[in-house]
Amino acid sequence: MAHPKRKTSKTRRDKRRSHHKVADIPLAECSNCGAMHRYHHVCMECGYYRGRQVLNVSK
């Protein structure tokens, strides 16, 4: 098996990892209450998903 001839510097290592960050989560506005929620997920403020109440959320 091949072995590295030189130690990889911290700068080179970090440049390679520069794209390994966590992406921002895209959010959608709830059509029922106007709160922001994740796409294709139930709104945790009102419990609605695609115009139907899915969860009972007591406030």
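Quick notes on the rules
Numbers given to residues run from 1 along each chain, matching the order in which its sequence is written. A pLDDT threshold of at least 70 governs which residues receive local features in this predicted model, and a stricter bar of 80 or more applies before side-chain atom pairs are shown or counted, although totals over entire chains, interfaces and linings include all residues. Hydrogens and water are ignored here; the side-chain numbers use all heavy atoms of the structure. We count a salt bridge whenever a side-chain nitrogen from Lys or Arg sits within 4 Å of a carboxyl oxygen from Asp or Glu. Think of it in three bands: with a 1.4 Å probe and only protein chains considered, a residue is buried below 20% of the maximum accessible area for its type, exposed above 50%, and partly exposed in between. Numbering of helices and strands starts at the N terminus; helices are DSSP runs of H or I of at least 4 residues and strands are runs of E of at least 2. In the analysis that follows, any N or O atom pair within 3.5 Å is treated as a polar contact, provided that within protein one partner can donate a hydrogen and the other can accept it, and provided that, for residues neighboring in sequence, both atoms belong to side chains. Think of pLDDT as the predictor's per-residue confidence, scored from 0 to 100.

## Observations regarding the pattern of salt bridges
Consideration 1: Under the definition given, this model contains one salt bridge.
Consideration 2: The closest approach of N and O atoms between Arg 13 and Asp 14, which form a salt bridge, is 3.0 Å.
Consideration 3: Residue class for Arg 13 comes out partly exposed when judged on its relative accessible area of 29%.
Consideration 4: The partly exposed category is assigned to Asp 14, whose relative accessible area is 41%.

## Concerning the side chain of His 37
Consideration 1: Examined against the element boundaries, His 37 turns out to sit in strand β2 (residues 36-38).
Consideration 2: A polar contact is formed between the side chain of His 37 and the backbone oxygen of His 41, at a distance of 3.3 Å.

## Considering the confidence of the model for the chain
Consideration 1: Per-residue pLDDT for the chain has a mean of 93; in total, 98% of the residues score no lower than 70.
Consideration 2: Within the chain, no element has a lower average pLDDT than strand β4 (residues 52-53), which sits at 92, and none a higher one than helix α1 (residues 10-16), at 97.

## Considering the environment of His 41
Consideration 1: By the element assignment, His 41 lies in the loop between β2 and β3 (48-49).
Consideration 2: The class of His 41 is partly exposed, set by a relative accessible area of 35%.
Consideration 3: For His 41 and Ile 25, which are 16 residues apart along the polypeptide, the C-alpha to C-alpha distance reads 12 Å.
Consideration 4: There is a polar contact of 2.8 Å between the side chain of His 41 and the backbone oxygen of Tyr 39.

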